[in-house]
Amino acid sequence: MRIVDRVRALGLASGPGAEREVLLARIPSLRTGAAVGAVPTVARLERTAPPAWTEIRVLAPEGWLELIADVLALSPCTSVAFGRPSLASDAPPPGLDYVRTFVPEARDNPELRAEVQRRLAELCESTGAEELRGLSAKFLPLPPEDYANSWKKTWRPFRVAGFAIVHHDYAGRPRATDQRLLLEPGGAFGTGRHPSTRGCLRVVRERARSGDRVLDAGCGNGILAVAAALCGAEATLGFDIDSAAIPYAETLAHDNGVAKRCVWRVGGFECLEVADTGFDGVCANLFADLIQSHAAEMARRLRPGGWFAISGCRSDLRVSTLAALAAAGLQLQECRTRGRWDTYAGILPADC
Ligand SMILES: C[S@@+](CC[C@H](N)C(=O)[O-])C[C@H]1O[C@@H](n2cnc3c(N)ncnc32)[C@H](O)[C@@H]1O
């Protein structure tokens, strides 16, 4: 099974790479270990002294990146990121891209390195793909840095869709019309910078009303539910399969003074209960295949006339995704594209 199938997580690494938003496949066996339903407390977010890290980097043909990610998904590597390490790095040659994972320096050893190279060397035989012959990994020591906090050096407040996303130390004054959203990026997806999050925030800002009940499917750090609460929603329910994300959501809701109106759950759509219905709005920033397979479920959770904000869908999958939304009875009113990401907004018609 592909690593993305196992985890379906798009997010920020909590180790090196955490300062940039990357497409990330987390490695389930290396999570916090918290069982579903056992939400780690906010206190667990506190960090100890930063470890040094080794980056394991493989330059691979573009069509095989997920397979390479799977190869790198071995203990004690922490997360897998795609693409070059920073915009300042050299771009990969055409047709190739980097797959990178990170291991604490203390656990980087000759056995691990040999195992990575052995797994890469097997790929050509196991797939029959000649272009995978000769793949090898580079092991690059990273400078010791507190990656959980180093984003602070470059993190700047920004505006999106009438939200001013600011951090605790921000001393400036947002525009009078802006809704202030206090956010410090952590180990869960949702800094507000990703085009899919921005797209959903725009819909939330335009459609969420005072008194709304809003569902946030794949809440990550809870940014969409918290944004809805800041727009006046009286109750939000966010859920995520990544148990490590929920403490960040709790913190975000607390920091923005809306914790009493936000409920978080660990799990997928199956964690919704019979009573979780009649929502005024549903947000879902998830991969297109999940949107397609859960479109009917989302429609069922909305009240007639309720709104939806759906993103995380690549524009090349638009036709099949929109067909699934239509089949579920969801009426599309807007489709906005940023980069390769589509955001869809619309309603469940009142006569549905
Ligand atoms: C792209 S992030 C969106 C985070 C945040 N809502 C935002 O808009 O920035 C997708 C989130 O969905 C979660 N996720 C993936 N598959 C899921 C599923 N089947 N059920 C619930 N959450 C899921 C991931 O763990 C990740 O936190």
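Residues numbered from 1 in each chain as written. Predicted model: local features only at pLDDT ≥ 70, side-chain atom pairs only at ≥ 80, totals over all residues.

Draft legend 1. Summary view of the overall build of the protein chain. Each helix and strand in the protein chain was counted, giving 8 helices and 15 strands. A total of 352 residues make up the protein chain; the buried ones form 43% of that total. Intrachain contacts of the protein chain at a sequence separation of at least 6 include 69% that bridge at least 24 residues. (Helix = DSSP H or I, 4+ residues; strand = E, 2+ residues; numbered from the N terminus. Buried ≥ 20, exposed ≤ 12 C-beta atoms within 10 Å, placed from the backbone. Contact = placed C-beta atoms within 7 Å.)

Draft legend 2. Main features of the nonpolar core. Ranked by internal contacts, the top residues of the largest apolar core, which has 60 residues, are Val204, Leu224, Val226, Ala227 and Ala228. Ignoring anything within four residues of it in the chain, the contact list for Ala227 reads Phe163, Leu181, Leu201 and Val204. Trp53, Ala69, Val80 and Phe102 belong to the second largest nonpolar core, which has 23 residues in total. (Core = buried A, V, L, I, M, F, W, Y, C linked by C-beta atoms within 7 Å.)

Draft legend 3. Helix α6 (residues 246-255), seen in detail. Among the 10 residues of α6, 7 are classified as buried, and the element is accordingly described as predominantly covered. When we look at burial in α6, the residues that qualify are Ile246, Pro247, Tyr248, Ala249, Glu250, Leu252 and Ala253. Of the residues trailing α6, Gly257 is marked for its positive phi of about 70°.

Draft legend 4. Broad picture of the sheet that holds strand β8 (residues 179-182). A sheet is described by the order of its strands in space; here 3 strands give the open sequence β6-β7-β8, paired in mixed fashion. Edge positions in the sheet fall to β6 (158-160) and β8, since each has one partner strand and no second. Sheet twist, expressed as the mean angle between neighbouring strand axes with direction ignored, is 30°. Taken together, the 4 bridges between strand β7 (residues 163-166) and β8 define a ladder with parallel strand orientation. By the bridge assignment, Phe163 is partnered in β8 with Gln179. (Pairing = 2+ DSSP bridges. Axes fitted to C-alpha atoms, helices over the stretch in contact; angles between N-to-C directions.)

Draft legend 5. Local environment of the packing of helix α4 (residues 195-207) against helix α5 (residues 223-230). Where α4 contacts α5, the axes come no closer than 10 Å and their chain directions differ by 20°. Relative to α5, the element α4 is oriented roughly parallel. The handedness of the crossing between α4 and α5 comes out as right-handed. Between α4 and α5, the residues in contact are Thr197, Cys200, Leu201 and Val204 and Ile223, Leu224, Ala227 and Ala228, respectively. Residues that form the contact of α4 with α5 fall into these classes: 7 nonpolar, 1 polar and no charged. (Parallel < 35°, antiparallel > 145°, perpendicular 65-115°, else oblique. Left-handed = near helix turned anticlockwise from the far one by under 90°. Nonpolar A, V, L, I, M, F, W, Y, C, P; charged D, E, K, R; others polar.)

Draft legend 6. Broad picture of unusual backbone geometry. A cis amide bond links Ser75 to the next residue, Pro76, at an omega of 5°. Note that Pro76 resides in the loop between α2 (65-72) and β3 (79-82). Notably, Ala161 is not glycine yet its phi reads approximately 50°, a positive angle. Within the secondary structure layout, Ala161 lies in the loop between β6 and β7.

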